[in-house]
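# A structural walkthrough
As a plain string of letters, each chain reads:
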Amino acid sequence: MLGTQRAESAGRPRSRGDVVLEISGLSVDYGFTDDAVRAVVDASLTLRRGEVLGLAGESGSGKSTLAYAVTRLLRAPGVITAGEVRFHGAEGDYDLLAADAQTMRELRWSQLAVVFQSAMNALNPVLTIGSQLTDVLKAHRPDMNRQARKERAAELLNLVGITADRLSSFPHELSGGMRQRVMIAMALALEPEVLIMDEPTTALDVVTQREILEELVALRDRLGFAVLFITHDLSLLIELADTIAVMYAGRVVEYAPAAALFRSPRHPYTAGLLNSFPGLHGERVAMTGIPGSPPDLRHVPEGCPFNPRCRYAMDVCRQDAPVLISLPSAGRRAASCWLQAEGFIAPEPLALPEPTTVGARIVARPGALAAELPGSDPQDPYIEAAGSAL
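Residues numbered from 1 in each chain as written. Predicted model: local features only at pLDDT ≥ 70, side-chain atom pairs only at ≥ 80, totals over all residues. Heavy atoms only, no water.

### Regarding the overall build of the protein chain
Along the protein chain, the regular secondary structure elements total 11 helices and 14 strands. When burial is assessed residue by residue, the protein chain has 53% of its 390 residues classed as buried. Taking as baseline every contact in the protein chain between residues at least 6 positions apart, the subset at least 24 positions apart corresponds to 67%. Accessible surface computed for the protein chain: about 17,900 Å², of which carbon and sulfur atoms make up 51%. (Helix = DSSP H or I, 4+ residues; strand = E, 2+ residues; numbered from the N terminus. Buried < 20%, exposed > 50% of the residue type's maximum accessible area, 1.4 Å probe, protein only. Contact = heavy atoms within 4.5 Å. Areas by Shrake-Rupley, 256 points an atom, 1.4 Å probe, with all protein chains shown as cover.)

Rendered as structure tokens:
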């Protein structure tokens, strides 16, 4: 029993939509001196039961660091300097940053599992797939005998579309997609309530990527776990996630329901990301992208970290860093941008994405076909025709 962190509310029934993971004001540094790199700054996120929360941003924006901090897998010289992470599990409520090492060992994989970025590096190359799956069960389910563990391992492979005869295979004998499926099977071995996936499909071709994502959605619907899905591919999250958080230079700069974020991005960085991939239909357009490069975290610009790359930057953007501003729209929406603060007006309309195809679903430009996009309210005052939302 995880006695030390058990709350009085332990055992109460939990339903889909309940908050299962709360991250409040989380900050992570690499180093201990005044020259420490601030990799995550005051990040706050909420993951609800049965929800897919997408975390997007360029490489180096702090996405993986945030995930490792939440699970207490952060390696030196990484150090959590501020914040709170609360896990509201079926067996009790836990402060993950205050929990002792034994409690975290018992929570990991049984209630809070991780699928790491590189399956080939995460899997032990000298052990068979079956050995690695049964090791998880042996460590967390000591009451299971050897035969029961083997049967459960076979069941897990079948769950992700791999035949049981692959239990005797070594990682190098499997394709990249199969190895990734094995990692998902291992993460689901103990039926956790939260699954954290760190860019699980980055190195895979688009066909295999789609197969794995469809498998993941089917498993989520079947088993009811919540997912924190980390990726640099914002277009993928628009189709997969219920809610999306966008990170830049270690900060959460926008947080919104997936469809609403696509229809009317409230931060120039989000708009730039959305405009960085072309539509599959319609006229050809010149892709401009976002000028410049992400900042060196040792020398983050004064004011808003995005201001050197932002065509909407004002004097206040170069002087004072904005905070996440809650937006008066349907659903949970916030943006860290002075354009959203009262009294500030953009020098030109915020560029919004043209009509495009995301996966197999057509997604319309802002203001069109509002009723056909799930997760958004056509009466939302922040969902208007392109160029008029600001």
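Let's pick the thread back up.
### Some remarks on the packing of aromatic side chains
Under the definition given, this model contains five aromatic pairs. Between tyrosine 248 and phenylalanine 306, the ring centres sit 5.2 Å apart and the planes meet at 85°, which makes this aromatic pair edge-to-face. In this pair, tyrosine 248 sits in strand 9 (residues 243-248) while phenylalanine 306 sits in the loop between helix 10 (268-274) and helix 11 (315-319), placing the two residues 58 residues apart along the sequence. Classification of tyrosine 248 by relative accessible area gives buried; the value is 3%. According to the relative accessible area criterion, phenylalanine 306 is buried, its value standing at 4%. Put simply, the rings of Tyr248, Tyr269 and Phe306 pair up and form one aromatic cluster. (Phe/Tyr/Trp six-rings, centres within 6.5 Å; stacked < 30°, edge-to-face > 60°.)

### Topic: the sheet that holds strand 5 (residues 92-95)
With antiparallel pairing, four strands are arranged side by side in an open sheet as 2-1-4-5. On the outer flanks of this sheet lie strand 2 (37-48) and strand 5, each paired with one strand and no other. With strand direction ignored, the average angle separating the axes of adjacent strands in the sheet is 5°. Sheet topology note: the strand 1 (residues 19-30)/strand 2 ladder contains eight bridges and is antiparallel. Residue pairing for strand 2: leucine 26 is matched across the bridge by alanine 43. Seen against the sheet, helix 1 (residues 63-70) touches strand 1, strand 2 and strand 4 (78-89) and runs at an angle of roughly 115° to strand 1. (Pairing = 2+ DSSP bridges. Axes fitted to C-alpha atoms, helices over the stretch in contact; angles between N-to-C directions.)

### Here's the deal with the environment of valine 28
Along the chain, valine 28 falls in strand 1. Along the sequence, valine 28 and aspartate 42 sit 14 residues apart, while their C-alpha atoms lie 8.6 Å from each other. With near-sequence residues (within four places) excluded, valine 28 lies in contact with Val37, Arg38, Ala39, Val40, Thr65, Ala69, Leu74, Val79, Ile80 and Thr81.

### Regarding the pairing of strand 10 (residues 251-257)
Residues in a regular strand project their side chains so that they alternate between the two faces of the sheet. Counting buried residues along strand 10, six of its seven residues qualify, which places the element largely inside the surrounding structure. Between the end of strand 9 and the start of strand 10, which pair antiparallel, lie two residues, with alanine 249 showing a positive phi angle near 55°.

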